[in-house]
Amino acid sequence: MICPRCKQAVPDGAKFCTNCGADLTGVTVTPKRKIRIYGYKEWYAISPDVEVFLNGAKVGTLAAKGELAVEIGNENAFFEFHMHPGLGIVRKCHCFVNQTFNGGLQLKTNRWTGSISVEYTM
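Parameters and conventions
Residues numbered from 1 in each chain as written. Predicted model: local features only at pLDDT ≥ 70, side-chain atom pairs only at ≥ 80, totals over all residues. Heavy atoms only, no water. Helix = DSSP H or I, 4+ residues; strand = E, 2+ residues; numbered from the N terminus. Buried < 20%, exposed > 50% of the residue type's maximum accessible area, 1.4 Å probe, protein only. Lys, Arg positive; Asp, Glu negative; His and termini not counted. Salt bridge = Lys/Arg side-chain N within 4 Å of Asp/Glu carboxyl O. Polar contact = N/O pair within 3.5 Å; in protein donor to acceptor, adjacent residues only side chain to side chain. Core = buried A, V, L, I, M, F, W, Y, C linked by side-chain atoms within 4.5 Å. Patch = residues over 30% accessible without salt bridge, like charges linked within 9 Å, V, L, I, M, F, W, Y side chains within 5 Å. Areas by Shrake-Rupley, 256 points an atom, 1.4 Å probe, with all protein chains shown as cover. Pairing = 2+ DSSP bridges. Axes fitted to C-alpha atoms, helices over the stretch in contact; angles between N-to-C directions.

(A) Structural view of the side chain of Arg33. Relative to the helices and strands, Arg33 resides in strand β1 (residues 33-38). Buried charge Arg33 goes without a salt bridge, the closest partner of opposite sign being Glu75 at 6.2 Å. Separated by 3.1 Å, the side chain of Arg33 and the backbone oxygen of Asn98 make a polar contact. At 2.4 Å, the side chain of Arg33 forms a polar contact with the backbone oxygen of Phe101.

Next up, the structure:
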């Protein structure tokens, strides 16, 4: 569920928003759609997991070559991905999902630069 006040993801059935403290009693749950996120497929000596954030709140961790289904409502969503390859380095990328998108997101990495990116899939 998304808090109507701060637009952060909160667990379904929550009485209060964990981010701003807004009262959520009586808030109706909006219809949901699943966005599937697919882990990167490139081979590395180490395969760090990727942290997945939805509207600023962590919603899960995705392994290389893994898959994560995230339920969102019929509103716009902002996804951010953080990969920690080691030595205190953090690689980040993000994408915007509008209210009509029903596809998936494929993470990709660049072996030479160490960057991470995301592509929309159907």
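From this point, the narrative continues.
(B) Quick peek at the pattern of salt bridges. A full pass over the atoms with the stated rule returns two salt bridges. Residues Glu67 and Arg36 are paired through a salt bridge, measuring 3.2 Å at the closest nitrogen-oxygen approach. Taken together, the residues Glu67 in strand β4 (residues 67-72) and Arg36 in strand β1 connect sequence positions 31 residues apart. For Glu67, a relative accessible area of 47% gives the class partly exposed. According to the relative accessible area criterion, Arg36 is partly exposed, its value standing at 34%.

(C) Seen up close, the nonpolar core. Ile37, Ile72, Phe79, Phe81, Val97, Leu105 and Leu107 are the most contacted members of the largest nonpolar core, which has 22 residues in total. In terms of residue count, the dominant contributor to this core is strand β5 (residues 77-86) (four residues). In this structure, Met1, Val10, Cys17 and Ala22 belong to the second largest nonpolar core, which totals seven residues.

(D) Geometry of a nonpolar patch on the surface. A cluster of nonpolar side chains, Phe78, Phe96 and Tyr120, forms an exposed patch at the surface whose accessible area comes to about 310 Å². For Phe78, the location among the structural elements is in strand β5.

(E) Local environment of the sheet that holds strand β2 (residues 50-54). Taken together, the four strands give an open sheet; going across it, the order is β3-β2-β5-β6, and neighbouring strands pair in antiparallel fashion. Single-partner strands in this sheet number two, and they are β3 (57-62) and β6 (89-97). The average angle at which neighbouring strand axes cross in this sheet is 25°, direction not considered. Pairing of β5 with β6 involves eight bridges; the strand directions are antiparallel. Each bridged residue has a counterpart across the sheet, and for Phe78 the counterpart in β6 is Phe96.

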